[in-house]
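What follows is the residue order along each chain.
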Amino acid sequence: MKTRDMRHRCPQSLRSLVVLSCATLLMSTVQAAKAADEAQAALEPQRAVIEATDRATISSEVSGRIESMAFREGDAFTKGQVLVKMDCGQYAAERDRVGARLASARRKLENNRRLLELRSVGQLEVDLSRLAVNESDAEYRIARTNVNRCAIKAPYDGRVVERKASVGQSVQAQAELLAIVGKKLEARVIVPADWLAWLEPGRQAQLTIEETRENVAAKVTRIGASVDPVSHTIPIWAEIDVTASLRPGMTASAIFTPPIDLAQER
């Protein structure tokens, strides 16, 4: 009797075990497929915009007439080259005038020191002469600075984006003259915020420039400080290998390679 009951129960237990095994296998398959989909999604290209790391609007530091502008829109320049030269005749004359007054004040101070040794003048005259020298020296340094400001030099290697004034035009101080961008470029990419689980500075990427179809290597350098709560994305910046055809404002598709074990981690 017991043997018969065991025969009836064994097939039922076996069927339960088979069903349980099938369910476990199915669940594992679903999870693996999900992990694979997530890993594949991580490989999907993300939109990137090429930006210049340096951008500036060059303004006149003195009032006057523009004597020359060596570069036009699109021209490349190197650090230290003169971008704009102002007519400096008036400032040069003021520098020379103040310089002559400084020389006179120094001669007077020297003379009063000798007279003080001979007790022909008092200490007060020497002190006043020294103050006159200091005042003239300060005025001379200001006048010399104004002359130097007549030649506006490039702060870095770059290109001219736009001319905002013309040769022969008289401008006031702080008037905009040129818009420039630096030679060094980077890519700004908006990526899903959950990439923060594996994305970090140093991660390699490949950019395909949409305008030229060229491929450019990139490397993540900075990650945004906050996540957009609506789109759940975050901006990152990647250093790129600059080529002759790259320009700020170009767009690209960026492909990032996640860690090999990303699917396993998820």
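Reading the values: rules and limits
Residues numbered from 1 in each chain as written. Predicted model: local features only at pLDDT ≥ 70, side-chain atom pairs only at ≥ 80, totals over all residues. Heavy atoms only, no water. Core = buried A, V, L, I, M, F, W, Y, C linked by side-chain atoms within 4.5 Å. Buried < 20%, exposed > 50% of the residue type's maximum accessible area, 1.4 Å probe, protein only. Helix = DSSP H or I, 4+ residues; strand = E, 2+ residues; numbered from the N terminus. Contact = heavy atoms within 4.5 Å. Pairing = 2+ DSSP bridges. Axes fitted to C-alpha atoms, helices over the stretch in contact; angles between N-to-C directions. pLDDT = per-residue confidence, 0-100. Disulfide = S-S within 2.5 Å. Polar contact = N/O pair within 3.5 Å; in protein donor to acceptor, adjacent residues only side chain to side chain. Phe/Tyr/Trp six-rings, centres within 6.5 Å; stacked < 30°, edge-to-face > 60°. Parallel < 35°, antiparallel > 145°, perpendicular 65-115°, else oblique. Left-handed = near helix turned anticlockwise from the far one by under 90°. Nonpolar A, V, L, I, M, F, W, Y, C, P; charged D, E, K, R; others polar.

Draft legend 1. Representation of the nonpolar core in the model. Among the nonpolar cores identified, the biggest contains 26 residues, and Ile50, Val189, Val191, Leu199, Leu207, Ile240 and Phe256 are the most heavily contacted of them. Residue assignment for this core shows that the elements contributing at least two residues are strand 1 (46-52), strand 10 (185-192), strand 11 (204-209), strand 12 (215-223), strand 13 (233-240) and strand 14 (251-256). Beyond its immediate sequence surroundings of up to four residues, Leu207 is in contact with Ala48, Ile50, Ala187, Glu214, Asn215, Val216, Ala218, Ile240, Ala252, Ser253 and Ala254. Counting 22 residues, the second-largest nonpolar core is a separate cluster that includes Val62, Leu83, Tyr91 and Val147.

Draft legend 2. Up close: the sheet that holds strand 14. Strand order in the closed barrel formed by 6 strands is 1-10-13-12-11-14, with antiparallel pairing between adjacent strands. With direction set aside, neighbouring strand axes in the sheet form an average angle of 40°. Note: strand 11 against strand 12, 5 bridges, orientation antiparallel. Paired with Gln204 across the bridge in strand 12 is Lys219.

Draft legend 3. Representation of the confidence of the model for the chain within the structure. Here the chain averages 85 in pLDDT, and 81% of its residues register 70 or above. Here helix 4 (residues 262-265) stands out as the least confident element of the chain, with mean pLDDT 49; strand 9 (residues 176-182) is the most confident, with 96. Residue range residues 38-42 is modelled with pLDDT below 50. Its contacts to residues more than four positions away, or to other chains, number 9 contacts.

Draft legend 4. Layout of the pairing of strand 9. Burial runs high along strand 9: 6 of the 7 residues are buried. Where strand 2 (residues 55-59) meets strand 9, 5 bridges bridge the pair, whose relative direction is antiparallel. Each bridged residue has a counterpart across the sheet, and for Ile58 the counterpart in strand 9 is Leu178. One ladder, built from 5 bridges, connects strand 7 (residues 158-163) with strand 9; its direction is antiparallel. Looking at strand 9, one finds that Gly158 is bridged to Gly182.

Draft legend 5. Broad picture of the state of the cysteines. Using the criterion set out here, one finds 1 disulfide in the structure. Between Cys88 and Cys150 runs a disulfide, and the two sulfur atoms are separated by 1.8 Å. Looking along the S-S bond of the Cys88-Cys150 disulfide, the torsion reads about 75°, which is the right-handed sense. Pair noted here: Cys88 is in the loop between strand 5 (82-86) and helix 2 (89-117) and Cys150 is in the loop between helix 3 (123-148) and strand 6 (151-153), with a separation of 62 residues, a long-range link.

Draft legend 6. View of the pairing of strand 7. Pairing of strand 4 (residues 76-77) with strand 7 involves 2 bridges; the strand directions are antiparallel. If you follow Ala76 over to strand 7, its bridge partner there is Arg159.

Draft legend 7. Quick look at the side chain of Ser129. The topology assignment puts Ser129 in helix 3. For Ser129, a relative accessible area of 5% puts it in the buried group. Looking at Ser129, its side chain comes within polar contact range of the main-chain oxygen of Glu125, at 2.9 Å. Those residues in contact with Ser129 that sit more than four places away from it in its chain are Lys108, Leu109 and Asn112.

Draft legend 8. How the structure looks around the packing of aromatic side chains. One pass over the full model with this rule turns up 3 aromatic pairs. Summarising the aromatic geometry, the rings of Trp195 and Trp198 are spaced 5.1 Å apart at their centres and angled 40° between planes, so their arrangement reads as tilted. You'll find Trp195 and Trp198 in the same group, each marked buried. For the ring pair Trp195 and Phe256, a centre distance of 5.7 Å and an interplane angle of 70° mean the geometry is edge-to-face. Within this pair, whereas Trp195 is found in the loop between strand 10 and strand 11, its partner Phe256 is found in strand 14, the two being separated by 61 residues in sequence. Comparing Trp195 with Phe256, the two get one shared label, buried.

Draft legend 9. Quick peek at the packing of helix 2 against helix 3. With their axes 8 Å apart at the nearest point, helix 2 and helix 3 run at an angle of 160° to one another. In terms of orientation, helix 2 lies roughly antiparallel with respect to helix 3. Both helix 2 and helix 3 take part in a crossing whose hand is left-handed. When the residues that make up the contact of helix 2 with helix 3 are grouped by side-chain class, the tally is 13 nonpolar, 6 polar and 11 charged.

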